[in-house]
Amino acid sequence: MRIEVGAEDLLRTRFAVSPIFELQNLLRALASPAPGFPETWLARFRSGFDRVRTDPCLTAVLALKTTRSGANFYSPPPRGMGQTIERDLAAIRAWPLGAAREEIDFYLARRRVTAATRSILYADTVLDRLADFLERAWSSVLAPEWPPIRAVCERDVLHRSAELGRAGWAAALAGLGPRVRWRDGGVELAAHRGSFGTLGGAGLLLVPSVTIWPGTAVYCDDPWPKAIVYPVRGVGALFEPSPPVVPDALAALLGRSRAQLLTALGEAASTTHLAAVFGLATGAVGDHLAVLHRAGLVDRARSGRSVLYSRSPLGDAVVHGATADD
């Protein structure tokens with residue numbers, strides 16, 4: 001599959017996060033074997049998943065998704081980096097019932113389901129009922145872990161935005177996924193087949209995802225804009241968080257906690273992500289980062305709803321100097 005990208009498309013290409021996409025992929029991974037994800041990571045969600053496992057709506061939701069596609073009505077397109085689960089659920093409830101039933105017909109023609117599942121999906125209240133279930137599943141399963149997941153996605157977008165300014169779209173799109181590359185004014189996706197169509201000056205929607213790892217997804221059908229969902233950079237650190245080794249000299253200078261944070265900020269991160277990695281209170285991390293920022297050791301930049309911190313050139317010099325001394 002090749003996506004032809006014109007000058008107008010480059011100007012209008014944007015990033016977004018999709019809470020509902022992450023939730024649905026996670027539910028699917030928890031309901032059946034998911035070789036792409038470490039069990040140690042999935043285990044963090046299993047107690048919450050057990051609270052919704054027996055809900056008959058779970059089977060109905062899973063029936064509308066395959067390894068290669070999923071119903072649009074229960075995975076509405078995100079609008080930007082500030083997308084929330086509340087907006088996603090409102091979009092599901094507002095979806096035209098007739099359009100939803102067309103998609104239900106499509107998926108149920110391709111798989112066998114129980115009479116109970118069929119009755120849920122063909123009820124007049126299907127949109128509200130599935131949205132209510134997804135709201136419960138969000139609260140039980142993903143909400144507690146969403147802040148660090150969002151932070152990893154925002155960090156990826158910050159990195160790609162910086163690459164865009166430094167070296168153009170070829171650098172910004174590098175590493176979007178297996179066998180994805182920029183060539184001769186377009187994006188080529190060797191893992192996908194079929195016609196993508198033209199962007200027509202509307203630009204491309206790029207959606208970083210934790211739960212798509214290690215593959216990619218492509219959206220070509222209305223009402224989604226043309227979109228690529230791709231695995232975020234640094235997802236391994238989210239799956240298996242491990243604090244970096246802190247030089248003794250740096251710990252003596254700054255204190256152990258601040259030295260840990262400064263060492264970890266070779267890549268941008270939010271206070272929430274850092275708190276999860278180091279097992280610290282979010283407020284304590286914020287206080288330490290404020291001190292490091294006033295000392296000129298870290299920079300900060302807003303990305304979506306988060307503030308991301310990264311080492312400044314002075315911070316790099318301090319960390320590298322302490323490492324060399326050790």
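Each value, and the rule that gives it
- Residues numbered from 1 in each chain as written.
- Predicted model: local features only at pLDDT ≥ 70, side-chain atom pairs only at ≥ 80, totals over all residues.
- Heavy atoms only, no water.
- Buried < 20%, exposed > 50% of the residue type's maximum accessible area, 1.4 Å probe, protein only.
- Helix = DSSP H or I, 4+ residues; strand = E, 2+ residues; numbered from the N terminus.
- Contact = heavy atoms within 4.5 Å.
- Axes fitted to C-alpha atoms, helices over the stretch in contact; angles between N-to-C directions.
- Parallel < 35°, antiparallel > 145°, perpendicular 65-115°, else oblique.
- Nonpolar A, V, L, I, M, F, W, Y, C, P; charged D, E, K, R; others polar.
- Pairing = 2+ DSSP bridges.
- Salt bridge = Lys/Arg side-chain N within 4 Å of Asp/Glu carboxyl O.

**Q** When you look at helix 4 (residues 56-63) in this model, what are you seeing that I'm missing?
**A** Since one α-helical turn is 3.6 residues long, residues separated by three or four positions face the same way. Within the sequence span of helix 4, burial applies to Cys57, Leu58, Ala60, Val61 and Ala63. As for helix 4, its buried residues are in contact with helix 2 (19-31), helix 3 (39-50), helix 6 (97-108), helix 7 (115-121) and helix 8 (126-142).

**Q** What is the right way to look at the packing of helix 13 (residues 256-264) against helix 15 (residues 282-294) in this model?
**A** Geometry of a packed helix pair, given as the angle between the helix axes and the separation of the axes. The interhelical angle for the contact between helix 13 and helix 15, taken along N-to-C directions, is 75°, at an axis separation of 10 Å. Taken together, the axes of helix 13 and helix 15 are roughly perpendicular relative to one another. Contacts between helix 13 and helix 15 involve Ser257, Arg258, Leu261 and Leu262 from the first element and Val285, His288, Leu289, Val291 and Leu292 from the second. When its residues are assigned to classes, the contact of helix 13 with helix 15 shows six nonpolar, two polar and one charged.

**Q** Looking at this structure, I do not really get the sheet that holds strand 6 (residues 217-219). What am I missing?
**A** Within a beta sheet, neighbouring strands are joined by backbone hydrogen bonds and run either parallel or antiparallel to one another. Read from one edge to the other, the open sheet built from four strands follows the order 2-5-7-6, with strand pairing classed as mixed. Taken across any chain shown, the strands that pair with only one partner, and hence form the sheet edges, are strand 2 (14-15) and strand 6. With three bridges joining them, strand 6 and strand 7 (residues 227-231) adopt antiparallel strand pairing. If you follow Tyr219 over to strand 7, its bridge partner there is Ala227.

**Q** Help me understand the side chain of Thr13, please; the structure alone is not making it clear to me.
**A** As for its position among the elements, Thr13 is in the loop between helix 1 (7-12) and strand 2. Setting aside its immediate chain neighbours within four residues, Thr13 contacts Trp169, Gly203, Leu204 and Leu206.

**Q** When you look at the pattern of salt bridges in this model, what are you seeing that I'm missing?
**A** As a working rule, side chains carrying opposite charge can pair if their charged atoms are close by. Evaluation of the coordinates by the stated rule reveals 14 salt bridges. When the shortest N-O distance is used, the salt bridge between Arg12 and Glu8 registers 3.1 Å. Within this pair, Arg12 and its partner Glu8 are both found in helix 1, separated by four residues, close to a single helical turn. Looking at Glu8, the relative accessible area reads 40%, which means it is partly exposed. Close ionic contact of Asp316 with Arg311 constitutes a salt bridge, the shortest N to O distance being 2.7 Å. Bridged by salt links that share partners, the residues Arg93, Asp128, Asp132 and Glu135 form one connected network.

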